[in-house]
Amino acid sequence: MLIINSKKTYSPIGVFDSGYGGLTILKELVEAMPQYDYLYLGDNARAPYGSRSFETVYDYTLECVNHLFVKGCELVILACNTASAKALRNIQQKDLPLIDSKKRVLGVIRPTTEVIGNYSKTKHIGIFATSGTVSSQSYVIEIEKSFPEVKVFQEACPMWVPLIENNELNHEGAEYFVKKHIEQLFAQSKKIDTVILGCTHYPLLKPLLEKYLPDGVTILMQGSIVSHGLKDYLFRHPEMETLLSKNGNLDFYTTDSAAVFNKNAGLFFGKEVKSNHLAL
Ligand code: DGL
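Before going into details, it helps to say that this report is about the structure given with it. (Residues numbered from 1 in each chain as written. Predicted model: local features only at pLDDT ≥ 70, side-chain atom pairs only at ≥ 80, totals over all residues. Heavy atoms only, no water.)

**Focus on the site of the ligand**
So, step 1. The immediate surroundings of the ligand are formed by 13 residues, with Ser 18, Tyr 49, Gly 50, Thr 82 and Thr 200 found nearest.
So, step 2. A distance of 2.9 Å separates an oxygen atom of the ligand from a polar atom in the backbone of Asn 81.
So, step 3. Between the ligand and Thr 200 there is a distance of 2.8 Å, counted from a nitrogen atom to a side-chain nitrogen or oxygen.
So, step 4. Isolated, the ligand exposes 300 Å² of accessible area, and the fraction of that covered by the protein chains is 99%.
So, step 5. Residues of the shell around the ligand, tallied by class, amount to 5 nonpolar, 7 polar and 1 charged. (Near = heavy atom within 4 Å. Polar contact = N/O pair within 3.5 Å; in protein donor to acceptor, adjacent residues only side chain to side chain. Areas by Shrake-Rupley, 256 points an atom, 1.4 Å probe, with all protein chains shown as cover. Nonpolar A, V, L, I, M, F, W, Y, C, P; charged D, E, K, R; others polar.)

Pasting the structure below:
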């Protein structure tokens, strides 16, 4: 049973996404650190976030983070690149000091950009992401901090999330749009040897990307990078680690229909999910 607001007995790691995509990150977190409790929240009722304004993504994300806090989370991962790009900094700097300065919210972009340069020989890296993430320039700014010698080329793929969400993965439309965006990215630089899937939905497109990417290009999967990053963070922050409850529980919430979430979530999480509805 879920005990709300009792830090001692139930303090899960909150994992937030606009919808299903964050489940690809949660899957890796659970695999790497099964001892913790996790509480997933997908804002399916308002997804996709990818083409929404800065203010909207920030408002929606903050509202959902607050729900996760109320349910007992001390630590929340924004397992959504768009939310990490558009809401994380404000939440960390403006909201957390007012809500509770001991709580933490972390994103998925920083852990990725801190290691990305190590994977590329040519130092030309490509980013596939939502329009919101691309226009925020977050990847470009963060990679510059860790690897100033790296050249970053971005490609917004506004059709990829809708194709995935609408079960079009195995149809011609998906092939067309994957090919199109690969061609547009590589038209910017033929020297790209590493691409980041900068949206948590995109791992589902990996087989198609492998089919159409030029030979020898490495596809970086964010899930394993984020789980390594979180492990390292918890090692460096024992004051947070000791607060987390460790009963290996997984709870799922969606802001839309729980039945629909349960039906679709398996594709992203790799196994069946039983979710609850969260009324906003
Ligand atoms: N999963 C989100 C991300 O990583 C994108 C999905 C959306 O557009 O809501 O950026």
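**A word on the packing of aromatic side chains**
So, step 1. Inspection of every chain in the model, using the stated rule, returns 10 aromatic pairs.
So, step 2. Judged by centre distance (5.7 Å) and plane angle (50°), the rings of Tyr 49 and Tyr 60 are tilted. Of this pair, Tyr 49 sits in the loop between strand E2 (38–42) and helix H2 (54–70) while Tyr 60 is found in helix H2, placing the two residues 11 residues apart along the sequence. Here Tyr 49 matches Tyr 60 in class, with each residue buried.
So, step 3. By the ring-pair criterion, three or more aromatic residues cluster together here, those being Tyr 20, Tyr 40, Phe 252, Phe 261, Phe 268 and Phe 269. (Phe/Tyr/Trp six-rings, centres within 6.5 Å; stacked < 30°, edge-to-face > 60°. Helix = DSSP H or I, 4+ residues; strand = E, 2+ residues; numbered from the N terminus. Buried < 20%, exposed > 50% of the residue type's maximum accessible area, 1.4 Å probe, protein only.)

**Some words on the sheet that holds strand E7 (residues 194–197)**
Strand pairing in a sheet relies on backbone hydrogen bonds. The paired strands run either parallel or antiparallel.
So, step 1. Ordered by their spatial adjacency, 4 strands build an open sheet running E6-E5-E7-E8, and the pairing between neighbours is parallel. Single-partner strands in this sheet number two, and they are strand E6 (151–156) and strand E8 (218–220). The sheet shows a mean angle of 25° between the axes of neighbouring strands, taken without regard to direction.
So, step 2. In the sheet, strand E5 (residues 124–129) pairs with E7 via 4 bridges, with the strands oriented parallel. When the bridges of E7 are listed, Gly 126 appears paired with Val 195.
So, step 3. On the sheet, helix H9 (residues 172–188) packs against E5, E6 and E7 and is oriented at approximately 150° with respect to E6. (Pairing = 2+ DSSP bridges. Axes fitted to C-alpha atoms, helices over the stretch in contact; angles between N-to-C directions. Contact = heavy atoms within 4.5 Å.)

**Things to note about the sheet that holds strand E1 (residues 13–17)**
So, step 1. One open sheet holds the 6 strands; their spatial order is E4-E3-E1-E2-E9-E10, and the pairing between them is parallel. The sheet is open, and its two edges are formed by strand E4 (104–106) and strand E10 (275–277), each paired on a single side. Taken over all neighbouring pairs, the strand axes of this sheet differ in orientation by 25° on average, direction set aside.
So, step 2. Bridging between strand E3 (residues 75–78) and E4 involves 3 bridges; their strand directions are parallel. By the bridge assignment for E4, Val 76 is matched with Val 105.
So, step 3. This element, helix H4 (residues 88–99), spans E3 and E4 of the sheet and lies at about 170° to E4.

**Quick word on the side chain of Asp 251**
So, step 1. Inspection of the secondary structure assignment puts Asp 251 in strand E9 (residues 250–254).
So, step 2. Nearest to the buried, unbridged Asp 251 among oppositely charged side chains is Lys 71, at 9.4 Å.
So, step 3. Among the polar contacts listed, one links the side chain of Asp 251 to the side chain of Tyr 10, at a separation of 2.8 Å. (Lys, Arg positive; Asp, Glu negative; His and termini not counted. Salt bridge = Lys/Arg side-chain N within 4 Å of Asp/Glu carboxyl O.)

**Quick word on the pattern of salt bridges**
So, step 1. Scanning all chains against the criterion turns up 9 salt bridges.
So, step 2. Salt-bridge contacts for Glu 74 lead to Lys 103; the nearest nitrogen and oxygen are separated by 3.3 Å. Taken together, the positions of Glu 74 in the loop between H2 and E3 and Lys 103 in the loop between H4 and E4 put the pair 29 residues apart, joining distant regions of the chain. Judged on exposure class, the residue Glu 74 and its partner Lys 103 are both buried.
So, step 3. For Lys 211, the salt bridge goes to Glu 175, with nearest N and O atoms at 3.2 Å. A residue pair is termed long-range when its members are at least 10 positions apart, and Lys 211 in helix H10 (residues 206–212) and Glu 175 in helix H9 qualify at 36 residues.
So, step 4. Salt bridges here are not isolated pairs; linked through shared partners, they connect Asp 43, Arg 46 and Glu 63.

Everything listed is a geometric property; what it means functionally is a separate question.
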